[in-house]
Amino acid sequence: DLFSESASHTRHDAITNEGLRHFQTAYPSEQICKEDVFYYVYGLLHSPDYRERYADNLSKELPRIPCVKTAADFWGYSQAGRQLADLHLNYETVEPYPATVTGDTGKLIPAQYRVEKMKYGKKGKDKDLSTLHYNDRITLTGIPLEAYEYVVNGKPALDWVVERQCVKTDKDSGIVNDANDWAIETMNNPRYPLELFMRVVTVSLETMKIVKSLPKLDILAS
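Attention here is on the structure that accompanies the text. As the structure is a prediction and not an experimental result, all values here were calculated from the model.

Some details on the pairing of strand β4 (residues 119–123)
- Bridge analysis of β4 against strand β5 (residues 126–133) gives five bridges, and the strand direction is antiparallel. Note on β5: the bridge partner recorded for Tyr120 is Leu132.
- The antiparallel hairpin formed by β4 and β5 contains two residues in its connecting segment, where Gly124 sits at a positive phi of about 65°.

Examining the packing of aromatic side chains
- Counted under the stated rule, the structure contains nine aromatic pairs.
- Taking the centre distance of 5.2 Å and the plane angle of 65° together, the rings of Phe23 and Tyr40 count as edge-to-face. With Phe23 in helix α1 (residues 17–26) and Tyr40 in helix α2 (residues 34–45), the pair connects residues that are 17 residues apart, well separated along the chain. A single burial state applies to Phe23 and to Tyr40, both of which are buried.
- By way of ring pairs, the aromatic residues Phe23, Tyr27, Tyr40, Phe74, Trp75 and Tyr77 are connected into one cluster.
- The residue whose ring lies beneath Lys155 is Trp160, and the NZ or CZ to ring-centre distance is 4.3 Å.

Examining helix α6 (residues 157–164)
- Along α6, the positions that sit buried rather than exposed are Ala157, Leu158, Asp159, Val161 and Val162.
- If you follow the buried residues of α6, they end up packed against β4, β5, β7 (151–152), β8 (155–156) and α8 (192–212).

A closer look at the packing of α2 against helix α5 (residues 71–89)
- Between α2 and α5, the least distance of the axes is 6 Å, while the angle of their chain directions is 80°. Here α2 is positioned roughly perpendicular relative to α5, judged by the angle of their axes. Here Glu35, Asp36, Val37, Tyr39, Tyr40, Tyr42, Gly43 and Leu44 of α2 lie close against α5, whose contacting residues are Phe74, Trp75, Tyr77, Ser78, Gly81, Arg82, Leu84, Ala85 and His88.
- Of the residues belonging to the contact of α2 with α5, the class tally is ten nonpolar, four polar and three charged.

Some details on the pattern of salt bridges
- Across all of its chains, the model carries eleven salt bridges by this definition.
- Between Glu195 and Arg191 there is a salt bridge; the shortest N-O distance is 3.2 Å.
- Residue classification places Glu195 among the buried residues on the basis of a relative accessible area of 15%.
- Note that Arg199 is salt-bridged to Glu195, the shortest N-O span being 3.5 Å. One end of the pair, Arg199, and the other, Glu195, are both in helix α8, four residues apart, so they sit about a helical turn from each other. As far as burial versus exposure is concerned, Arg199 and Glu195 are alike and both buried.

About the criteria used
- Residues numbered from 1 in each chain as written.
- Predicted model: local features only at pLDDT ≥ 70, side-chain atom pairs only at ≥ 80, totals over all residues.
- Heavy atoms only, no water.
- Pairing = 2+ DSSP bridges.
- Helix = DSSP H or I, 4+ residues; strand = E, 2+ residues; numbered from the N terminus.
- Phe/Tyr/Trp six-rings, centres within 6.5 Å; stacked < 30°, edge-to-face > 60°.
- Buried < 20%, exposed > 50% of the residue type's maximum accessible area, 1.4 Å probe, protein only.
- Lys NZ or Arg CZ within 6 Å of the ring centre and 35° of its normal.
- Contact = heavy atoms within 4.5 Å.
- Axes fitted to C-alpha atoms, helices over the stretch in contact; angles between N-to-C directions.
- Parallel < 35°, antiparallel > 145°, perpendicular 65-115°, else oblique.
- Nonpolar A, V, L, I, M, F, W, Y, C, P; charged D, E, K, R; others polar.
- Salt bridge = Lys/Arg side-chain N within 4 Å of Asp/Glu carboxyl O.

In structure tokens, the structure reads:
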């Protein structure tokens, strides 16, 4: 996190003074604060150019954060990082993507929103990622395939929703993890898993829109 709080509610930032000076030295005419650097890093880590160029290093060690050549590009990454962070932190409040939902009249009882295991549609032997069978009653269609371009830890963010919003029994402990319990008891919304999927479609599309607008990666020579 950018900030953490101790028991006395003292806020501590996660950017060192040395790190801040590094960027202030690179762009001496700019007024740069630690928040600007934090969001620059967040934006840079989403850059496909950065991930491709440093792929070998990223698989073996902590990421190294270079300075880009121009102050304009620094601000481009920093502003994009702010937008991305806001989107990713507030994913539960974004507008759900307006997919076509069949089987949901808006007047269903909580039990009719129960999810056991969401499944993608099928086209012959292949998955139809534009379709999601939420349960035996409710189906989503018109899911944009571009939404699957947003990948988190090796798989689309939407796949994480499908995998986690379910009923699953842990083989070792026998503990049942039921997404419906969280939806009803914590979120007070039996429709929560369905809405979450549609919200993450929106988050994924907006994320990729920002990522594709990032400046071309041009590194400042050290």
